[in-house]
Amino acid sequence: MSTALPYEEPSLKSLLILSSFLYILNVVRVFADHLLYGGIVAEIALGIVYGSPIAGILHTDWQTTFTVLGYIGLILVVFEGGLSSNLPMLLSNLPLSTLCALIGIGLPIAFSFALLNVAFSYRPLEAFAAGAALSSTSLGTTLAALNSVTKSRIGTVLISAAIIDDVIGLVIAAVIPALATIDSNSSQSGNSSLAWTIIRPLLSSVLIAIIAPLIARFVLRPLFWFRGVGELWAGAGWGTVTHADAFKLFLMIGTVSVMAAISYYTGTSVLYGAYVAGLILTYIAQPPSPPADLRADVQSHANRAEALSFEASFARTMGPMQNFVLLPLFFASIGFAVPFLDLWDPMIIWRGIVYSILMLLAKLAVGLPILLHGPFINEQIPARVSTSLTCVPAYEDQSSPAVTRPTFSVSTPAAVFMGVAMVARGEIGLLIAQLARGNEASGEPGLLSTEPFLLCIWAILLCTLVGPVSLGYIVKRWGAKVNTGAWA
């Protein structure tokens, strides 16, 4: 038996297909960004065309490989979101993020019961499964469209809410097969296992959220700053910036791998682990703050923070590959999973559009807490306070006027931004829908029959198409209003 793979020159056809796919993915994104503010939509559409849904130009093995590479891109973009998070702002806005996430989860399920169960007469479990799939938020789509807004208060609230949505989505994804088995067997023997299936991801997520900060505070940060070792190796004290980037890349890969493995084996989301890994590295690399009376040291403190920044190193080392290869493959892989030709039955079309509109409204309602909370934000702080993501402390300019409380009208752009940003579904929604569909070939039971499954796909597809386009338009047109004032 051969122990090595024989090396063969790839055929010209394979080279042309693969190279054209990777090149056109980036070309269509540029044109769609310019014309529609929705390059992500073009990448999904190209995945539908090149993949199994329409033309099948790409072999199934290639689609599987691209799906894996794309998911690595998703993990990295979530990890980068953790690196760019403002930790004090994240903690102070966590209750608001949780409220937004709960609205974004509860309303899609409630609307699904109202439409699918009451109006269309599908079974209650089918309505629940469809609503559960539409309760998730495409974290990769959202982060890819945010740009600099991730540095603001509203961006922090959005990322936190989307993370909570995906953690809850993972819980639901784990529960769906158990519900399908119980529904098909009509037995009570699985009740205890169902309870553990529900509790395990939630419990592991809470424990990670408690234990990881403690380890970072009392173990990792002291080790990083022990006799300046971390600053020596990560701050280019022993070589060039390239050497420091290589060391920090090693730390980033190790940390995200460990947290992803812990999250996976404890039953929660790998994406959650990647986000926590980014937060850990951001925290441990923050230089100790200088005394408040030493204002002359602010610039040197900023320089130290920039030299130690894992976010900047990530952008230099992984940014090009992520932006031009991995992320485009992720969005194309969403297109691979869309059963495009099955969606065009007349009854499925009109019901799918109605259901999609309800699901759009359900996620747009997530902006209501932002609108209502805006006037109650305590903004009696000087106007010239640093809001950057570096660890430079905010120094007040006593000559600056105090900022007044924001009104409803001032919070409207941020509320609209929040609602629209939560509209896009994607990877988690498709996963839940596929799990709820079951596998007839292997005999796995499912909760969703063909019609509600296709309605679910309609809603996921339209929301994933409309969300990024609308979000891109809002960021480009209202970015200054969204990213200033109380929500900056």
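Up top is the structure.
Note that the structure is a prediction, hence the values are computed from the model and not measured.

Caption draft 1: Molecular detail of the overall build of the protein chain. Counting its regular elements, the protein chain contains 20 helices and 0 strands. For the protein chain, buried positions account for 49% of its 488 residues. Accessible surface for the protein chain amounts to roughly 22400 Å². Of this, 68% is attributable to carbon and sulfur atoms.

Caption draft 2: Just the nonpolar core, in detail. Residues Val78, Phe79, Leu116, Leu134, Ile163, Tyr355 and Ile432 are the most contacted members of the largest nonpolar core, which totals 89 residues. When sequence neighbours within four positions are dropped, the list of residues in contact with Tyr355 reads Ser112, Leu115, Leu116, Ala130, Gly131, Leu134, Leu455, Cys456 and Ala459. Counting 22 residues, the second-largest nonpolar core is a separate cluster that includes Leu96, Ala414, Leu471 and Val482.

Caption draft 3: Here's a closer look at the state of the cysteines. Across all of its chains, the model carries 0 disulfides by this definition. Cys463 supplies the cysteine sulfur nearest to Cys456, a cysteine that is in no disulfide, at a spacing of 9.9 Å. On the basis of relative accessibility, which here comes to 0%, the residue Cys456 falls in the buried class.

Caption draft 4: Representation of the environment of Ala305 within the structure. One can find Ala305 in helix H13 (residues 298-308). A sequence separation of 18 residues divides Ala305 from Pro287, and the C-alpha atoms of the two residues are 6.2 Å apart.

Caption draft 5: Layout of the pattern of salt bridges. Going through the model one piece at a time under the given rule, you end up with 3 salt bridges. Linking Asp165 and Lys363 is a salt bridge whose minimum nitrogen-to-oxygen distance equals 2.9 Å. Within this pair, whereas Asp165 is found in helix H8 (residues 153-185), its partner Lys363 is found in helix H16 (residues 346-364), the two being separated by 198 residues in sequence. Each member of the pair, Asp165 as well as Lys363, is classed as buried. A salt bridge links Asp245 to Arg316; the nearest nitrogen and oxygen atoms lie 2.8 Å apart. You can see Asp245 sitting in helix H11 (residues 241-265) and its partner Arg316 sitting in helix H14 (residues 310-317), a full 71 residues away along the chain. Using a relative accessible area of 6% as the deciding quantity, one classes Asp245 as buried.

Caption draft 6: Local environment of the side chain of Asp165. Assessed through its relative accessible area of 1%, Asp165 is described here as buried. A distance of 2.9 Å separates a polar atom in the side chain of Asp165 from a polar atom in the side chain of Thr137. Asp165 has contacts with Ala101, Ile105, Ser135, Thr137, Lys363 and Met422, leaving out every residue within four places of it along the chain.

Caption draft 7: Spotlight on the packing of aromatic side chains. Under the definition given, this model contains 11 aromatic pairs. Ring centres of Phe21 and Tyr50 lie 5.0 Å apart, and the angle between their planes is 45°; this geometry places the pair in the tilted category. Of this pair, Phe21 sits in helix H1 (residues 12-36) while Tyr50 sits in helix H2 (residues 39-50), and the two are 29 residues apart along the sequence. Of the two residues examined, Phe21 and Tyr50, each falls in the buried class. Cluster of aromatic residues (ring-pair linked, three or more members): Phe21, Tyr50, Phe66 and Phe336. Here the basic side chain of Arg217 rests over the ring of Phe218, its NZ or CZ set 5.1 Å away from the ring centre. The lysine or arginine in question, Arg221, covers the ring of Tyr283, its NZ or CZ lying 5.4 Å from the ring centre.

What counts, and at which threshold
Residues numbered from 1 in each chain as written. Predicted model: local features only at pLDDT ≥ 70, side-chain atom pairs only at ≥ 80, totals over all residues. Heavy atoms only, no water. Helix = DSSP H or I, 4+ residues; strand = E, 2+ residues; numbered from the N terminus. Buried < 20%, exposed > 50% of the residue type's maximum accessible area, 1.4 Å probe, protein only. Areas by Shrake-Rupley, 256 points an atom, 1.4 Å probe, with all protein chains shown as cover. Core = buried A, V, L, I, M, F, W, Y, C linked by side-chain atoms within 4.5 Å. Contact = heavy atoms within 4.5 Å. Disulfide = S-S within 2.5 Å. Salt bridge = Lys/Arg side-chain N within 4 Å of Asp/Glu carboxyl O. Polar contact = N/O pair within 3.5 Å; in protein donor to acceptor, adjacent residues only side chain to side chain. Phe/Tyr/Trp six-rings, centres within 6.5 Å; stacked < 30°, edge-to-face > 60°. Lys NZ or Arg CZ within 6 Å of the ring centre and 35° of its normal.

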